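Here is what each chain is made of, one letter per residue.
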Amino acid sequence: MSQPRQNRALVIVNTDFCGGDVVFATRRGAKREAEKLSKVLSRLNYEVKLMHNKTAKEIEDLYQQECGCEHGEYFVSIISSHGEEGVVFGSDSEPVKLTRIFQILSSEQRPVLAKIPKIFFIQACRGGELDQGVVVECDSGEPEPEREPDCFSHYLSIPPQTAVMFACSPGYVAFLNLSGSMFLQALLKVLEGEERHLDLNRLMTRINWEVAFCCQARGTYEGCKEMPCFVTNLLQEVLPFSAPIVEEADGV
């Protein structure tokens, strides 16, 4: 009997930036957080590809490569970078449209991924507004208050069998400090606990609760809050993280 194909996960974390018209701050704390998430996913039966400091072109290429891979029941991707509404930034400070990533993985172009759930967790700012509600840094460039965010254009381009969870609401900043981000730390906590056995909608709602009620900025942004949100085109309940945890062996 042939072994089932292993689930795949692509984790992209950008911490250092160069070039471009906007000078982006170094994202201290993001690398260690991504490494922890990668280890947890590996223990949950995912073959994980962890990539650091990739340019906009390299990010697109990574998703193109995934289209040619053999996949198991689920594909999970975590993106941690600077961003604004509808885009994340490569390490070259060039934007990558989320619509472009979704297009690469769309069922019309990539039938290999058509039937399996594709799940994204995106840690990046979506604007410059503060949610009034740790010294922290914001994962965005300079805010553009005169610009009305197009909050739904990339939603409409999400292909079937896809769920996307954002660290914050449209138009707002996402917080990061030396210990990591509110959003991905909440995801890590859920994946390490019994909540990982929940179906995806309930699991994401649990992350919302964790960030909304248990997280608050300190320092420069004292008292500010963050509210994740998610959108899904999944056609059934899925339990992507319910596999038994594989215990790591002690070194010899």
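Below you will find a few notes about this structure. Nothing here was measured: the structure is a model prediction, and the numbers come from that model. In this numbering scheme, every chain counts its residues from 1 along its sequence in written order. Only residues with pLDDT of at least 70 get local features here, since the model is predicted, and only at 80 or more are side-chain atom pairs given and counted; chain-wide, interface and lining totals rely on the full set of residues. Just so you know, side-chain values use all the structure's heavy atoms and leave hydrogens and water out.

**A few points about the pairing of strand E2 (residues 46-52)**
One face of the sheet, then the other: side chains in a regular strand alternate in exactly this way.
Moving on, step 1. Strand direction decides the pairing type here: strand E1 (residues 7-13) and E2, joined by seven bridges, are parallel. What sits directly across from Ala 9, in E2, is Val 48.
Moving on, step 2. Following the chain from E1 across helix H1 (residues 30-43) to the adjacent parallel E2, one finds a crossover that is right-handed. At least two bridges found by DSSP between two strands is the condition for calling them paired. Here a helix means four or more residues in a row that DSSP labels H or I, a strand means two or more in a row labelled E, and each is numbered from the N terminus. Orient the strands so they point away from the viewer, and a crossover whose first-strand-to-second-strand path over the helix runs clockwise is right-handed.

**Some words on the sheet that holds strand E12 (residues 229-232)**
Moving on, step 1. Spatially, six strands are ordered E2-E1-E3-E7-E9-E12 in an open sheet, and the strand pairing comes out mixed. Strand pairing shows two members of the sheet lacking a second neighbour, E2 and E12, which therefore form its edges. Direction aside, neighbouring strands of the sheet carry axes that sit 10° apart on average.
Moving on, step 2. Across the face of the sheet, H1 comes into contact with E1, E2 and strand E3 (75-80) while running at roughly 165° to E2.
Moving on, step 3. Note on contacts: a residue pair qualifies if any of its non-hydrogen atoms lie within 4.5 Å across the two residues. Every angle, taken between N-to-C directions, lies between 0 and 180 degrees, and every axis is a line fitted to C-alpha atoms, over only the stretch in contact when it is a helix. Strand contacts of helix H5 (residues 182-192): E3, strand E7 (118-123) and strand E9 (162-166), with the helix running at about 135° to E7, the strand carrying the most contacts.

**Here we look at H5**
Moving on, step 1. The buried label goes to any residue with under 20% of its type's maximum accessible area, the exposed label to any with over 50%, and the partly exposed label to all in between, with areas taken from a 1.4 Å probe on protein chains only. In terms of residue burial, H5 counts as a mostly covered element, since eight of its 11 residues are buried.
Moving on, step 2. All buried positions along H5 are accounted for by Met 182, Phe 183, Leu 184, Ala 186, Leu 187, Leu 188, Val 190 and Leu 191.

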